[in-house]
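Working through the structure, step by step
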Amino acid sequence: MAQEIKVPDIGDFDAVEVIEVLVSEGDTVDKEQALITLESDKATLEVPSTAAGKITELKIKEGDTVSEGDVIAMIEAAEASGGDGADDKSSKDESKKQTDAKDAKKTDKADKKTPDQAAADSGADRTRPDESKVDKSAGEDHSYDCDVLVLGSGPGGYTAAFRAADMGLNVTLVERHNVLGGVCLNVGCIPSKALLHSAKVIEDAAGMAAHGVTFGKPKIDLDKLMEFKQSVIDKLTGGLKGMASKRKVNVVYGTGIFADEHTLKIEGNDDHQQITFNKAIISVGSEPVMLPGWPEDDRIWDSEAALSPKEIPASLLVVGGGIIGCEIANVYAAHGTRVDVVEMTDSLIPGADNDLVKPLAKRMGTRCDNIWTSTKVTGLKANKKALKATFEGKDVPESKDYDRVLVAVGRKPNGKKIGAENIGVTVDERGFIPVDKQCRTNVDHIFAIGDVSGEPQLAHRATHQGKTAAECCAGEKAAFDAKVIPSVVYTDPEVAWTGVTEAQAKKDGIEYTKGAFPWAASGRALGMDASDGNTKILFAKDSGVVIGAGAVGTGAGELISELGLAIEMGCDCHDIGLTVHPHPTLSETVGMAAEAEAGTLTDLYMPKKK
């Protein structure tokens, strides 16, 4: 006799979405085996079977919404069959056959996926370690809600959660917003790159006029541009949601504050007031620095506001000529805004070598109205019609009016906002949480990764730290010990560098030699009208190995990874120069820069080194 399996008490929620159906009609299931996964706006949960037996009919499918008491499936309970031990064995054999057939079907389906999709789905199996190595003390010795709690779902946080789950740990991921991905995916790296792509298309189209191809003046439909930006975000965050479900990561939405060394309080979530954990990974990121004493006004933007404008302003002052300031300045200048940039230091992109920044500064000088270096904004007044900024510097006006002002002077870590004092975790005066090479804080079972754990505040640093922290939580021997971490400015031209810069080498007394290749001698660069680019590599004078590198030009950010690998591998100029690079490509400039150092370059005449 078939029985109904119904949705149990799920709190105050109605119409909760079914995001995954875990069984098929004809499957034999055990009691308490998960049948479906539901997702509310604050958590995901699995609904188990109330009996063991054979699923005879499914009443729901993915995408449906259900409430308490709705029928999920019909089951022919094992007890109703009246079978003896032989029948039980037969039932188990049949269940195994069904499982094997289902796995085969999944494999066949995976074969038809893109390589990235197949890798994402199979990643857990490929990376799961020997179960004997996995630290499962949480589940065995304590009644904690989870083995590992990850606070924050940015690139570092979701990477840590997924890696820990892949290693067999019970993971809860807590995110204060109602979508995964953190600042990077939602209001930072990803949306800015979508808008920078639009800016580059506009600039490239305009640039072709000098070469005989003329386009009309671009018409900007801001609503459609914002829809494009949001579609990019939605694809990525939706992918995270699906991967969290597949990995059985429990996602809880709400603001997390540590109550004690094994408890996190959740604010803004009626279903989860607190979560207990064995180990925790802090990945709470950072927030924009706003200048003190300035008025509160919607026309004064941080980077998040600048990436979601309601209109394109006629004029914009960008305060801060670092990576974020330059990227957003280029976006607005390309879309028709009159842009001024103010930077306190004597150059844009502090930290990058001047020879790499120079082509970008020259190009920005033609796009922006003014770029003022060695200049301060001494005050800002919010008038009814405009924001009046006053300046201090050489050859700058005393004051000027703007429709909008972007503050892009840096980001501060969120270490002081999570109740770290309640768990004894050290937080410095700036809000950073010091960690060791295992990403472990001063409290043995608490880890910290990403922006909150120190500089450089870059997403790719956070992701690698996330894997390290997760592996340490699982009892693996792991350490974050990268020799170099690349930086990229996604303007046009791009600027990228990694390892020791020339400025740093001169300051620290590091003896080096340099191989460089100007893009004016690159056939590929000339064909792209990108002849102002340059690639350079620094070598230790004593050993000859690569210690630093940089590039400026179209796609420079794509070139820097090879040079980072060269540093990690301890390559010298011959290792790189003898690597065959395809022709004609911009990657050739890397090989030729190495050949310049080796003295084997033929694409330029270079006097022999003494």
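Because the structure is predicted, anything quoted here is derived from the model rather than measured.

Reading the values: rules and limits
Residues numbered from 1 in each chain as written. Predicted model: local features only at pLDDT ≥ 70, side-chain atom pairs only at ≥ 80, totals over all residues. Heavy atoms only, no water. Helix = DSSP H or I, 4+ residues; strand = E, 2+ residues; numbered from the N terminus. Buried < 20%, exposed > 50% of the residue type's maximum accessible area, 1.4 Å probe, protein only. Contact = heavy atoms within 4.5 Å. Areas by Shrake-Rupley, 256 points an atom, 1.4 Å probe, with all protein chains shown as cover. Axes fitted to C-alpha atoms, helices over the stretch in contact; angles between N-to-C directions. Parallel < 35°, antiparallel > 145°, perpendicular 65-115°, else oblique. Left-handed = near helix turned anticlockwise from the far one by under 90°. Pairing = 2+ DSSP bridges. Phe/Tyr/Trp six-rings, centres within 6.5 Å; stacked < 30°, edge-to-face > 60°. Patch = residues over 30% accessible without salt bridge, like charges linked within 9 Å, V, L, I, M, F, W, Y side chains within 5 Å. Salt bridge = Lys/Arg side-chain N within 4 Å of Asp/Glu carboxyl O. Core = buried A, V, L, I, M, F, W, Y, C linked by side-chain atoms within 4.5 Å. pLDDT = per-residue confidence, 0-100.

So, the overall build of the protein
- Of regular secondary structure, the protein possesses 16 helices and 30 strands.
- Across the 610 residues of the protein, 47% fall into the buried class.
- For the protein, restricting intrachain contacts to residue pairs at least 6 apart in sequence, the fraction spanning at least 24 positions comes to 63%.
- Roughly 30300 Å² of accessible area belongs to the protein as shown, and the carbon and sulfur atoms make up 50% of that amount.

Observations concerning the packing of helix α6 (residues 189-207) against helix α9 (residues 323-334)
- The contact between α6 and α9 brings their axes to 9 Å, and the two run at 45°. By the angle class used here, α6 and α9 are oblique. In this structure, α6 crosses over α9, and the sense of that crossing is left-handed. Packed against α6, whose contacting residues are Ser-192, Lys-193, Leu-195, Leu-196, Ala-199, Ile-202 and Glu-203, the element α9 presents Glu-327, Asn-330, Val-331 and Ala-334 at the interface.

Side note on the sheet that holds strand β18 (residues 338-342)
- Strand order in the open sheet made by the five strands is β16-β23-β17-β18-β19, with parallel pairing throughout. This sheet does not close on itself; its edge strands, each paired only once, are β16 (300-301) and β19 (370-372).
- When strand β17 (residues 315-319) meets strand β23 (residues 404-407), the two strands line up parallel, connected through four bridges. Bridging from a neighbouring strand, Leu-317 pairs with Val-405 of β23.
- Across the face of the sheet, α9 comes into contact with β16, β17, β18 and β23 while running at roughly 165° to β18.

With respect to the packing of aromatic side chains
- In the structure shown here, the tally under the stated rule is four aromatic pairs.
- When the ring of Tyr-158 is compared with that of Phe-162, the centres are 5.8 Å apart and the planes differ by 45°; the resulting orientation is tilted. Note that Tyr-158 and Phe-162 are positioned in helix α4 (residues 155-166) at a spacing of four residues, about one turn of the helix. Per residue, the accessibility class of Tyr-158 equals that of Phe-162, and both read buried.
- Geometrically, the ring pair formed by Trp-301 and Tyr-332 is tilted, given 5.6 Å between the ring centres and 45° between the ring planes. Placement of the pair is Trp-301 in strand β16 and Tyr-332 in helix α9, with a sequence separation of 31 residues. Taken as a pair, Trp-301 and Tyr-332 share a single burial class, namely buried.

A short note on the environment of Lys-477
- Locating Lys-477 in the fold gives a position in the loop between α11 (459-473) and β26 (487-489).
- For Lys-477, a relative accessible area of 87% puts it in the exposed group.
- Here the alpha-carbon distance between Lys-477 and Gln-438, two residues 39 residues apart in the chain, equals 8.8 Å.

Some points on a nonpolar patch on the surface
- Together, Met-208, Val-213 and Phe-215 make up a nonpolar patch on the protein surface, roughly 260 Å² of accessible area in all.
- You can see Phe-215 is positioned in the loop between α6 and α7 (222-246).
- When its relative accessible area of 52% is taken as the criterion, Phe-215 is described as exposed.

Regarding the pattern of salt bridges
- This model, assessed by the stated rule, comprises 27 salt bridges.
- Among the ionic pairs, Lys-200 bridges to Asp-204, the shortest N-O distance being 3.1 Å. Here Lys-200 pairs with Asp-204, and both are found in helix α6, just four residues apart, close to one helical turn.
- Here Lys-200 falls in the partly exposed class, since its relative accessible area comes to 28%.
- Judged by relative accessible area, which is 37%, Asp-204 ranks as partly exposed.
- Close ionic contact of Lys-412 with Glu-287 constitutes a salt bridge, the shortest N to O distance being 3.7 Å. Of this pair, Lys-412 sits in strand β24 (residues 411-413) while Glu-287 sits in strand β15 (residues 286-288), and the two are 125 residues apart along the sequence.
- Look at Lys-412 and you get partly exposed, because its relative accessible area is 39%.
- Relative accessible area serves as the criterion here: at 23%, Glu-287 is assigned to the partly exposed category.

Details of the nonpolar core
- One finds Tyr-332, Val-339, Val-341, Ile-349, Met-364 and Leu-406 to be the most contacted residues of the largest nonpolar core, which totals 32 residues.
- For this core, the secondary structure elements donating two or more residues are α6, α7, β17, α9, β18, α10 (354-367) and β27 (494-499).
- Residue contributions to this core peak at six residues, all from α9.
- Setting aside chain neighbours within four positions, we find Tyr-332 in contact with Trp-301, Ala-306, Pro-309, Pro-313, Leu-316, Thr-337 and Val-339.

Describing the sheet that holds β26
- Ordered by their spatial adjacency, five strands build an open sheet running β26-β27-β30-β29-β28, and the pairing between neighbours is antiparallel. Where the open sheet ends on each side, the last strands, each with one partner, are β26 and β28 (512-518). Averaged over all pairs of adjacent strands, the angle between their axes in this sheet comes to 10°, without regard to strand direction.
- Bridging between β27 and strand β30 (residues 546-553) involves six bridges; their strand directions are antiparallel. Note on β30: the bridge partner recorded for Ala-496 is Ala-551.
- The strands touched by helix α16 (residues 588-598) within the sheet are β28 and β29 (534-540), with β28 carrying the most contacts at an inclination of about 135°.

A short note on the confidence of the model for the protein
- Averaged over all residues, the pLDDT of the protein equals 89, while 88% of them reach at least 70.
- A low-confidence stretch, residues 80-141 stays under pLDDT 50, and its non-local contacts, those more than four residues away or across chains, total 49 contacts.

Overview of unusual backbone geometry
- For the peptide bond that leads from Glu-455 to Pro-456, omega is 0°, which places it in the cis range.
- Tracing the backbone shows Pro-456 in the loop between β25 (446-448) and α11.
- One non-glycine residue, Ile-349, lies in positive phi territory at about 50°.
- By the element assignment, Ile-349 lies in the loop between β18 and α10.
- Accessibility expressed as a relative area gives 1% for Ile-349, which makes it buried.
- Phi is positive for Cys-439, close to 65°, though the residue is something other than glycine.
- With respect to the helices and strands, the residue Cys-439 is situated in the loop between β24 and β25.

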